[in-house]
Amino acid sequence: MTTALPAIQAPATDAHALTGKRRIAFASYVDENYLPGFLTLLRSLALSNPGVCEDFVVLYDDLRPGSIARIRALHPRIVLKRVGDTHYDSYKKGDQDNYLVRKAYFILDVFRIREYDTIITLDTDMVVLGDLGELLRLREGLAAVPQFFYGQHKLNSGLLVIQREYLSDEFCAKIDRCGRNGDYELDKHDQGILNAVLDGDFVRLDPRYNFVKRRLSGDLPVPEDTAILHFTGRHKPWQGGEAGYSQAEDRWREYELSDADFQSAYLASSGGLHHDLVVHFGTPHVKRTGDVEVARKVAAAHIASGDYQDAVDVLSSVRIPLDEAWPHEVLGHALMSVSRYEEAKAQLLLATAAPNRAATAYARLAQMAWVHGDNAEALKHATAGITVDPTHRSSRLWAQRAAAVPAQERGSAEDQLAHVAFYMDRQGNAGDKLLPETVRLAFGPDTTSRRWHSVHAHRLFDEAALERVNARRGLVIGGGGLFIPDTMPNGNSAWQWNVPDALLNRIDVPIAVFAVGFNAFDGQSYRANRFRDSLLQLVERSAFFGLRNHGSIEKVRAMLPSHLHDKVRFQPCPTTVMRQLVDGWQDPARRENTILINAAYDRAGLRFGHDYGYFLAQMAQAVRDLGELADVQCVAHSLDDEKIAFDLRREHGISLPVVPMYDFENDQIRELYARTKLVIGMRGHAGMIPFGVGTPIISLISHPKMAYFLRDIERPEWGVSVHDRHLAARLVERAKDLLADHTKTVADVHGRQQELWKVTEANAADLRVILGG
């Protein structure tokens, strides 16, 4: 089977290269003379676009340490790059001290940056007045506003949106050749070299993104739709300005603020504030003022980033009045996330006094009670939450969990294995619902409580749980992506199993970690040493430690001392060998002429960045084209997965039937995936489960684990990044390729699966010795 599209090539654990997520940065050349303008530019960017926080590259050659400190105070993601004068000599000798010349060569330095896929340049004499979302969503070409005075074939370089193909050695060589040949005009306009190289070949942007001051001569007002106002000319607002432009300069002075006033203005902004900016500006504000409401915002931002202890610290630093319910609720959330449960309970009980926060507070109290195994208390709190707000989803979830009758154990303890897993609720994620049973199938056909004792990973592993586990003949931990910091945070382990070190070390039966995954997203990390310490003890205590892909193996080995590396071995997710595990499995005699599409929306910002609108448009085109090959349907592993069907209909007029797999039993999940011809899925188990029942797959890659799996089966071409510039075309081409000779494709899936089965069988032989059966 061939394809004209190249496979992804990247180091096994390079998350960005695997997901294809665009890295975006702003960039400016800054010197001491233009520093006041740059500081105002940074303030205006944050206040006009409060939900945007990308890296900001500062190119400089003479900034003082104090100036750099002032810059860092206004942005949390400043990247400093010192530039030298050496390459200036090639172009215009004797003018190195001329700011316009130096700024002209800033353009050249920007094109030498290789760390980003998109760079947006901003001059230090600009002020941002409006939304820059359109610029952040641009994906192709080099975009700029045409010059106002010199015709549409030339650009004004104050604002450039530069894509990856221009951030290359090849394009830099063109610039160098042009500069050495003198094919440019560099007088009062600093874009001469670039105009000479491009010769009019650039994407035209609306003038509102680089609205030059000269258009306002005669003291005209700034148009309401202006996004970026550019103070071209010699007279800058911070130098006293220029007669005839007072209304323009008034707009600039709106952002000439002290740090304290700027922080207050940002934190009072409406709309979605970026959590990094809230933390960066809110932390000194809280320290200076003791403002409880801002402390709450900062703590909530820390929680969103998985920095739970920081959230506790910032809210503990202020005095929260008894009747301020929301800060109490957020502090309670943070405290329970670091396993300070009694303190959390006190805070959450205070929060229940306010009707607008009571339901959430009661749900968290129910969660804590359930974590401690107190179902009666959990049901009481969850019911109280429903009473306050009958529509409160979280309260209803905890009521269902607390009211569920646990399966009665049918076997004797000495015949059972204890099994730590995430046991999914009804209408929960279909893949996670199937996982515990499939792990058990890898150890034998009986998956019932006759042979297995269930230990929910999210419940606190206490003395009673320890006693029950030690009464069994062994402990199996898995499967799924249990190594993730924020699904159900706790301070005992900092991963999904809520186990204190002291109790982990007192488990005296053999421990087998089986097909666990390292599930951090691109842009997500484990920030505390707690996870590393817990992981070290788990590896040391385990008789078998198997991870479900080689990407996870590399990530985990990097956190361990070298003498433990060999203990970490490959154990594929058992869902990928389902045909081998299900007793009496029969491949379908015929398949339905369907293509099933799955999209995931948890942590959407980490999955899509600024590209969700692009992804949706590409999927709309793909669905239209795939519809000529088969009946296209949306398969929803969870309720949230239905969003793609809603959005396609609302935005593009496309109706997709929705298959509610979250309501399916395990056999139904397997049967549906076995009967279809092709699955295009974004969730890990929307790839691994159909593969495991012999169905061809294409993965929509928004998480490194998808690429990890495809590399392990040596079929990276079966994956397409959600950020791919030609997503629709690639999906359709690969679908046609896989469907052209479906029998051959299925045979290829079976062959790949057989390699994983060999590994599983070899591990099973070791596990029989370890666990005794």
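In this report, we go over the structure that sits alongside the text.

### A look at the overall build of the protein
In terms of helices and strands, the protein carries 31 helices and 23 strands. Relative to the 2.2 N^0.38 estimate, which gives 28 Å for 773 residues, the radius of gyration of the protein is 29 Å and therefore close to what a compact globule would have. Seen through its C-alpha atoms, the protein measures out along the principal axes to roughly 90 × 70 × 55 Å. Counting over 773 residues, the protein shows a buried share of 59%. Taking contacts inside the protein between residues at least 6 apart in sequence as the whole, the part at least 24 apart equals 72%.

### Some words on the sheet that holds strand β7 (residues 155-163)
On the basis of which strands lie adjacent, the open sheet formed by seven strands has the order β3-β2-β1-β4-β7-β6-β8 and mixed pairing. On the outer flanks of this sheet lie β3 (78-82) and β8 (203-204), each paired with one strand and no other. Note: strand β6 (residues 142-146) against β7, five bridges, orientation antiparallel. Within β7, the residue paired with V145 across the bridge is N156.

### Examining helix α13 (residues 325-337)
For an α-helix the count is 3.6 residues per turn, leaving residues at separations of three or four pointing the same way. The end-to-end C-alpha separation of α13 is 18 Å, in line with the 18 Å expected for 13 residues at 1.5 Å each. For α13, the tally of buried residues reaches 12 of 13 residues, placing the bulk of the element in the interior. Of all the residues in α13, the buried ones are A325, P327, H328, E329, V330, L331, G332, H333, A334, L335, M336 and S337. Next to the buried residues of α13 lie α11 (292-304), α12 (308-316), α14 (341-351) and α15 (355-371). S339 occupies a position one or two residues after α13 and carries a positive phi of about 65 degrees.

### Considerations on the sheet that holds strand β5 (residues 126-128)
Adjacent strands of a sheet pair through backbone hydrogen bonds, lying either parallel or antiparallel. Across the sheet, which stays open at both edges, the three strands sit in the order β5-β10-β9 with mixed pairing between neighbours. The sheet terminates laterally at β5 and β9 (211-212), the two strands that pair on one side only. Here β5 runs beside strand β10 (residues 228-230); their pairing, made up of three bridges, is antiparallel. Pairing of M126 across the sheet is with H230, part of β10.

### A look at empty space enclosed by the protein
The final tally for this structure, using the stated rule, is four cavities of 30 Å³ or more. Of the volumes computed, that of the largest cavity is approximately 80 Å³. Surrounding the largest cavity, R548, N549, G684, G687, M688, S699, K705, M706 and F709 form its lining. If you list the elements that add at least two residues to the lining of the largest cavity, you get α28 (685-692) and α29 (704-712). Counting residues per element, the lining of the largest cavity draws most heavily on α29, at three residues. For the lining of the largest cavity, a count of residues per class yields three nonpolar, four polar and two charged. Approximately 50 Å³ is the volume attributed to the second largest cavity. Among the secondary structure elements, those contributing two or more residues to the lining of the second largest cavity are α2 (35-48) and α10 (275-289). Per-element accounting of the lining of the second largest cavity gives the leading share, three residues, to α2. Here the residues of the lining of the second largest cavity sort into nine nonpolar, one polar and one charged.

### Let's talk about the environment of R137
Assignment of secondary structure puts R137 in helix α5 (residues 133-137). Along the primary structure R137 and Y612 are separated by 475 residues, whereas in three dimensions their C-alpha atoms are 9.2 Å apart. Once residues lying within four places of it in the same chain are set aside, the contact partners of R137 are R22 and H610.

### Quick look at the environment of V57
Residue placement: V57 occurs in strand β2 (residues 55-60). Measuring from C-alpha to C-alpha, the distance between V57 and T121 comes to 9.2 Å, with 64 residues separating the pair along the chain. In this structure V57 touches A25, F26, A27, S28, V79, K81, I113 and Y116, once residues within four positions along its chain are discounted.

### Some words on the packing of helix α18 (residues 430-441) against helix α27 (residues 666-675)
One can describe the packing of α18 onto α27 by two numbers: an axis separation of 10 Å at closest approach and a directional angle of 100 degrees. As far as their axial angle goes, α27 and α18 are roughly perpendicular. Touching A430, K433, L434, E437, T438 and L441 of α18 are N666, I669 and R670, all from α27.

### Description of the side chain of T695
Inspection of the secondary structure puts T695 in the loop between α28 and β22 (697-701). The exposure class assigned to T695 is buried, which follows from its relative accessible area of 0%. At a separation of 2.8 Å, a polar atom in the side chain of T695 contacts the side chain of R591. Those residues within four positions of T695 in sequence are excluded, and the remaining contacts are R591, Y673, A674, T676, K677, L678, V679, P690 and V749.

### Description of the nonpolar core
Within the largest apolar cluster, 123 residues are counted, with the highest numbers of intra-cluster contacts made by F483 and W497. Sort the elements by how many residues they give to this core and helix α25 (residues 612-626) lands first, with nine residues. Residues within four places of W497 in sequence aside, it is in contact with V420, V455, A457, F461, L475, I477, N490, L504 and I507. L159, L267, A311 and L365 belong to the second largest nonpolar core, which has 98 residues in total.

What counts, and where the lines are drawn
- Counting starts from 1 at the beginning of each chain's written sequence and moves along it residue by residue.
- For this predicted model, a pLDDT threshold of at least 70 governs which residues receive local features, and a threshold of 80 or more governs which side-chain atom pairs are given and counted, while totals over whole chains, interfaces and linings are taken from all residues.
- Hydrogens and water are ignored here; the side-chain numbers use all heavy atoms of the structure.
- Only DSSP runs of H or I covering at least 4 residues are called helices, and only runs of E covering at least 2 are called strands; the numbering of each starts at the N terminus.
- For the radius of gyration, the atoms used are the C-alpha atoms, and the globule rule reads 2.2 Å times the number of residues raised to 0.38.
- Each residue is placed in one exposure class: buried if its accessible area under a 1.4 Å probe, protein chains only, is under 20% of its type's maximum, exposed if it is over 50%, and partly exposed if it falls in between.
- For this analysis, residues touch if any pair of their heavy atoms sits within 4.5 Å.
- Paired strands are those between which DSSP finds at least two bridges.
- One less than the number of residues in a helix, times 1.5 Å, gives the span that helix is expected to have.
- As defined here, a cavity is a set of points on a 1 Å grid over the protein atoms alone where a 1.4 Å probe fits but cannot get out. A pocket is an open set with protein on both sides within 12 Å along at least five of seven lines, and residues line them when an atom is within 4 Å of a point.
- Grid points are joined across faces, edges and corners, and a volume is the space filled by probe spheres set on the points.
- When residue character is reported, Ala, Val, Leu, Ile, Met, Phe, Trp, Tyr, Cys and Pro are called nonpolar, Asp, Glu, Lys and Arg charged, and the others, Gly included, polar.
- To obtain an axis, a line is fitted to C-alpha atoms, over the contacting stretch when the element is a helix, and the angle between two such axes runs from 0 to 180 degrees between their N-to-C directions.
- Reported orientations rely on four angle classes, namely roughly parallel under 35 degrees, roughly antiparallel over 145, roughly perpendicular from 65 to 115, and oblique for the rest.
- The definition of a polar contact used here is a pair of N or O atoms within 3.5 Å, where within protein one atom must be able to donate a hydrogen and the other to accept one, and adjacent residues in sequence count solely through side-chain atom pairs.
- Here, nonpolar core means buried Ala, Val, Leu, Ile, Met, Phe, Trp, Tyr and Cys residues that are tied together by side-chain atoms lying within 4.5 Å of each other.

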